[in-house]
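Close look at the chain arrangement
Letter by letter, the chains look like this.
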Amino acid sequence: MELITLLIRLSLSFITLLLLTRIMGRKEISQMTFFNFVSAIALGTLGASLAIDSSISVRNGMIALVAWTLFTILMGYADLKSKTIRLGVEGSPKIIVRNGKIMENELRKLRLDIDALNLLLRKKNVFSLKDVDYAIFETDGTLSVLKKDNKQPVTKGDQGITSKTQKIYPFSAPLIEDGQLNRNTLHEMNVDEGWLLQQIQAKGIQSLSDVFYAELQKDGSLFIDKREDRLH
């Protein structure tokens, strides 16, 4: 009888976890941020307890799983609505190599040693730090790498794309996200807010509040995505 009960609890726990994980979405798997990591561990622990801990009733185990899933989903919505909450929960990307120079203070803050940095670079097929122009440590623990110009393959799109008077940036960067100015990026890329507004107005958009996302390109051009409620 105990074996049958155990099998029933195991099956119920597996099916419930599978359904709730599908409901929470693929971000829990594809983008393992701090919150996603904690959420996955807690959900797995609750599922295991439901499966094998006979002191926990099936009803209470199910309530705990569903309640934790709802909490995770609500945090996901809050993450979408508020950049402040997103930064508090997930953190922000950190530049650890800038203009070919290793940012030692950032490495210390991230508790990332040089061996770990080289390991992450090798995973990007970069086997020497002297080939790196910029490296950004993302919130999910991965590394984004921009090689120095002389280490990148030249494409047809790169030939003749800029003029002598056109400013070149080391990488593309978001200036407006979720309708809000990214002042850190404006400062990082040395971009003036007045210039940004001028560029947006040149594209027939009157206000920064009408923009959902704006990204500065390497060649100095601007990619703009308007808010959906301002398209008509």
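Structural data are supplied above this passage.
Below or above, wherever it landed, is the structure these notes cover. (Residues numbered from 1 in each chain as written. Predicted model: local features only at pLDDT ≥ 70, side-chain atom pairs only at ≥ 80, totals over all residues. Heavy atoms only, no water.)

As for the sheet that holds strand E5 (residues 173-177)
With antiparallel pairing, 4 strands are arranged side by side in an open sheet as E6-E5-E7-E8. With one partner strand each, in any of the chains shown, strand E6 (180-181) and strand E8 (222-226) form the two edges of the open sheet. In terms of strand pairing, E5 meets E6 through 2 bridges, oriented antiparallel. Across the sheet, the residue bridging to Glu177 is Gln180, located in E6. (Pairing = 2+ DSSP bridges. Helix = DSSP H or I, 4+ residues; strand = E, 2+ residues; numbered from the N terminus.)

Looking at the packing of aromatic side chains
Summed over the entire model, instances satisfying the criterion amount to 2 aromatic pairs. Here the aromatic rings of Trp68 and Phe71 are separated by 5.6 Å at their centres, their planes lie at 45 degrees, and the arrangement is tilted. With Trp68 and Phe71 both in helix H4 (residues 58-81) and 3 residues apart, the pair spans about one turn of that helix. Overall, the relative accessible area of 40% leaves Phe71 in the partly exposed class. (Phe/Tyr/Trp six-rings, centres within 6.5 Å; stacked < 30°, edge-to-face > 60°. Buried < 20%, exposed > 50% of the residue type's maximum accessible area, 1.4 Å probe, protein only.)

Considerations on helix H5 (residues 83-90)
Of the positions making up H5, those classed as buried are Lys83, Arg86 and Glu90. Each buried residue of H5 sits inside an arc of 55 degrees when the element is viewed along its axis, so together they form one side. Facing away from the buried side of H5 by over 90 degrees, the exposed positions are Thr84 and Gly88. With a side-chain oxygen lying 3.3 Å from the backbone nitrogen of Thr84, the N-terminal cap of H5 falls on Ser82. Positive phi appears at Gly91, one or two residues downstream of H5, with a value of about 80 degrees. (Arc of directions from axis to C-beta. Polar contact = N/O pair within 3.5 Å; in protein donor to acceptor, adjacent residues only side chain to side chain.)

Brief notes about a nonpolar patch on the surface
Taken together, the side chains of Leu3, Leu6, Leu7, Leu10 and Ile52 define a hydrophobic patch exposed on the protein surface, amounting to about 470 Å² of accessible area. The element best represented in the nonpolar patch is helix H1 (residues 2-24), accounting for 4 residues. Among the secondary structure elements, Leu3 is positioned in helix H1. (Patch = residues over 30% accessible without salt bridge, like charges linked within 9 Å, V, L, I, M, F, W, Y side chains within 5 Å. Areas by Shrake-Rupley, 256 points an atom, 1.4 Å probe, with all protein chains shown as cover. Salt bridge = Lys/Arg side-chain N within 4 Å of Asp/Glu carboxyl O.)

Details of the sheet that holds strand E4 (residues 143-147)
Hydrogen bonds between backbone groups are what pair the strands of a sheet, and the pairing can be parallel or antiparallel. Reading across the sheet, the 4 strands line up as E2-E1-E3-E4 and stay open at both edges, with antiparallel pairing between neighbours. Both outer strands of the open sheet, strand E2 (101-102) and E4, are each paired with one neighbouring strand and no more. As paired elements, strand E3 (residues 132-137) and E4 share 5 bridges and run antiparallel to each other. Bridging across to E4, Ala135 finds its partner in Val145. This element, helix H7 (residues 114-123), spans strand E1 (94-98), E2, E3 and E4 of the sheet and lies at about 75 degrees to E4. (Contact = heavy atoms within 4.5 Å. Axes fitted to C-alpha atoms, helices over the stretch in contact; angles between N-to-C directions.)

What to know about the pattern of salt bridges
The tally for this structure, following the rule as stated, stands at 5 salt bridges. For Asp131, the salt bridge goes to Lys130, with nearest N and O atoms at 3.7 Å. Of the residues examined, Asp131 reaches a relative accessible area of 16% and is grouped as buried. Relative accessible area serves as the criterion here: at 57%, Lys130 is assigned to the exposed category.

Digging into the nonpolar core
Most often, soluble globular proteins keep nonpolar side chains buried together rather than apart. Within the largest apolar cluster, 21 residues are counted, with the highest numbers of intra-cluster contacts made by Leu196 and Ile200. Looking at this core, the elements that each hand over two or more residues are E3, E5, helix H9 (193-202), strand E7 (211-216) and E8. (Core = buried A, V, L, I, M, F, W, Y, C linked by side-chain atoms within 4.5 Å.)

Observations concerning unusual backbone geometry
Not every positive phi belongs to a glycine, and Arg111 is a case in point at roughly 55 degrees. Inspection of the secondary structure puts Arg111 in the loop between helix H6 (104-109) and H7. With a relative accessible area of 75%, Arg111 lands in the exposed category. Positive phi, close to 60 degrees, is recorded for Asn190, a residue that is not glycine. Counting through the fold element by element, Asn190 comes out in the loop between helix H8 (183-188) and H9. Given the relative accessible area of 63%, Asn190 is considered exposed.

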